[in-house]
Amino acid sequence: MAIIEVSNLQKSFGALAVLKGVSFEVNPTEVVAVIGPSGSGKSTMLRSLVHLEQVNGGSIRVQDEDLVRDGVYSDGLKLRRITSTMGMVFQHFNLFPHLTVVENLELAPRMLKSAGRAELRGKSEELLRKVGLADKADVYPSKLSGGQKQRVAIARALMMSPDILLFDEPTSALDPELTGEVLEVIKQLAYEHMTMIVVTHEMGFAREVANRILFMDGGEIIESGSAEQLFTNPTCERTRTFLSRVL
């Protein structure tokens, strides 16, 4: 059974239609990469999954529960419960500058009282080791490189023990030499069978790690398939044209 089911998703900003009937599914432990030109609706689609954008029509089901059905959202309590099963990693880190690294990690679970102080500290230290930043716990974000900030953001998302991780162009704000360290963390999560949707411009990463690729353009999914099929033998001319420009 699919862990995420999206059907006929529609979103407009005024007269501008950004999502035009987007439909796809994600299976448990699957890594789905979403590629396409800027302005194709990739980030809007991803943000809609966690209710950071409110859609105008269509349905989203997460773990067999309706987040939104035919454009009508579930009540607030159910909506929060569903979205809490997903973690989001943003393009620009979104760390709190006045909090240390470990304080950034522990803020949300502490506010939700999801664990005691000792348990939280143990988990935050474990996750910082996981992303290679055990020595940065008491450092403020201003003292970190962009790659380190993004790895902290990934650890922060993992603090809530999500079933699904969403990445919105996690390396596009980084210098090329810092991109690799972030992609390695995401690769490791893939090897550990974390369910992930990754909006990315990193074609090599998408080809290596993703089980499936969605190619979006003009607010639509133009083509989807395995990484091997889509990169070596795309069926749509728009996909071929895009790949010829970025590979």
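Residues numbered from 1 in each chain as written. Predicted model: local features only at pLDDT ≥ 70, side-chain atom pairs only at ≥ 80, totals over all residues. Heavy atoms only, no water.

Some details on the overall build of the chain
For the chain, the count of helices and strands is nine helices and eleven strands. Taking 247 residues into account, the globule formula puts the C-alpha radius of gyration at 18 Å, and the chain, at 18 Å, falls close to it. Residues classed as buried in the chain amount to 51% of the 247 residues present. Expressed as a percentage of contacts within the chain between residues at least 6 apart in sequence, the contacts between residues at least 24 apart total 63%. Only carbon and sulfur atoms are counted for the fraction: they give 49% of the accessible area of the chain, which is about 11,500 Å². Between the centroid of the 27 positive side chains of the chain and the centroid of its 31 negative side chains there is a distance of 4 Å. (Helix = DSSP H or I, 4+ residues; strand = E, 2+ residues; numbered from the N terminus. Rg over C-alpha atoms; globule rule 2.2 N^0.38 Å. Buried < 20%, exposed > 50% of the residue type's maximum accessible area, 1.4 Å probe, protein only. Contact = heavy atoms within 4.5 Å. Areas by Shrake-Rupley, 256 points an atom, 1.4 Å probe, with all protein chains shown as cover. Lys, Arg positive; Asp, Glu negative; His and termini not counted. Charge placed at Lys NZ, Arg CZ, Asp CG, Glu CD.)

Structural notes on the pairing of strand E2 (residues 16–26)
Here is the key point about a regular strand: its side chains alternate between the two faces of the sheet. When strand E1 (residues 4–13) meets E2, the two strands line up antiparallel, connected through eight bridges. Across the sheet, the residue bridging to Val 6 is Phe 24, located in E2. Linkage of E1 to E2, two consecutive antiparallel strands, is achieved through a turn of two residues, within which Gly 14 is found at a positive phi near 65°. (Pairing = 2+ DSSP bridges.)

Details of helix H2 (residues 76–83)
For an α-helix the count is 3.6 residues per turn, leaving residues at separations of three or four pointing the same way. By the burial criterion, the buried members of H2 are Leu 79, Ile 82 and Thr 83. All buried residues of H2 fall inside an arc of 90° around its axis, so they share one side. Exposed residues lying more than 90 degrees from the buried face of H2 are Leu 77 and Arg 80. The opening residue of H2, the one whose side-chain oxygen lies 3.1 Å from the backbone nitrogen of Leu 77, is Asp 75. (Arc of directions from axis to C-beta. Polar contact = N/O pair within 3.5 Å; in protein donor to acceptor, adjacent residues only side chain to side chain.)

Looking at the side chain of Thr 85
One can find Thr 85 in the loop between H2 and strand E7 (86–89). A residue is classified by how much of its surface remains accessible, and Thr 85, at 18% relative accessible area, is buried. In contact with Thr 85, other than residues within four places in its own chain, are Val 62, Gln 63, Pro 162, Asp 163 and Ile 164.

Observations concerning the environment of Arg 240
With respect to the element layout, Arg 240 can be found in helix H9 (residues 237–246). Its relative accessible area of 36% is what places Arg 240 among the partly exposed residues. It is 10 Å that separates the C-alpha atoms of Arg 240 and Phe 215, two residues lying 25 residues apart in sequence. Beyond its immediate sequence surroundings of up to four residues, Arg 240 is in contact with Pro 234 and Thr 235. A distance of 3.4 Å separates a polar side-chain atom of Arg 240 from the backbone oxygen of Thr 235.

Some words on the environment of Ser 43
By the secondary structure assignment, Ser 43 is in helix H1 (residues 42–49). Taking the C-alpha atoms as reference, Ser 43 lies 32 Å from Ala 115; in sequence the two are 72 residues apart. If sequence neighbours within four positions are ignored, Ser 43 has contacts with Asp 168 and Glu 169. A polar contact is formed between the side chain of Ser 43 and the side chain of Asp 168, at a distance of 2.6 Å.

A word on the packing of helix H5 (residues 146–158) against helix H6 (residues 176–191)
Packing of H5 against H6 brings their axes to within 8 Å, and their N-to-C directions diverge by 20°. With respect to their mutual orientation, H5 and H6 come out roughly parallel. Here the hand of the crossing between H5 and H6 comes out right-handed. Where H5 abuts H6, its residues Gly 146, Gly 147, Gln 148, Gln 150, Arg 151, Ile 154 and Leu 158 lie against Leu 178, Glu 181, Val 182, Val 185, Ile 186 and Leu 189. The class makeup of the residues in the contact of H5 with H6 is seven nonpolar, four polar and two charged. (Axes fitted to C-alpha atoms, helices over the stretch in contact; angles between N-to-C directions. Parallel < 35°, antiparallel > 145°, perpendicular 65-115°, else oblique. Left-handed = near helix turned anticlockwise from the far one by under 90°. Nonpolar A, V, L, I, M, F, W, Y, C, P; charged D, E, K, R; others polar.)

Here's the deal with the packing of helix H3 (residues 101–111) against helix H4 (residues 117–130)
Relative orientation of the contacting elements H3 and H4 amounts to 130°, with a least axis distance of 10 Å. The orientation of H3 relative to H4 falls into the category oblique. For the pair H3 and H4, the crossing hand works out as right-handed. When H3 is examined against H4, the residues Val 101, Val 102, Leu 105, Glu 106, Pro 109 and Arg 110 are found in contact with a partner set consisting of Arg 117, Leu 120, Arg 121, Ser 124 and Leu 128.

Brief notes about the sheet that holds strand E4 (residues 57–62)
Strand order in the open sheet formed by five strands is E2-E1-E4-E5-E6, with antiparallel pairing between adjacent strands. Each of the sheet's edge strands pairs with one partner strand only, and the pair in question is E2 and strand E6 (72–73). In this sheet, E4 lies alongside E1 in antiparallel orientation, the contact comprising five bridges. Bridge pairing links Ser 7 to Ser 59 in E4. In this fold H2 packs onto E4, strand E5 (65–69) and E6, with an angle of close to 115° to the strand it touches most, E5.

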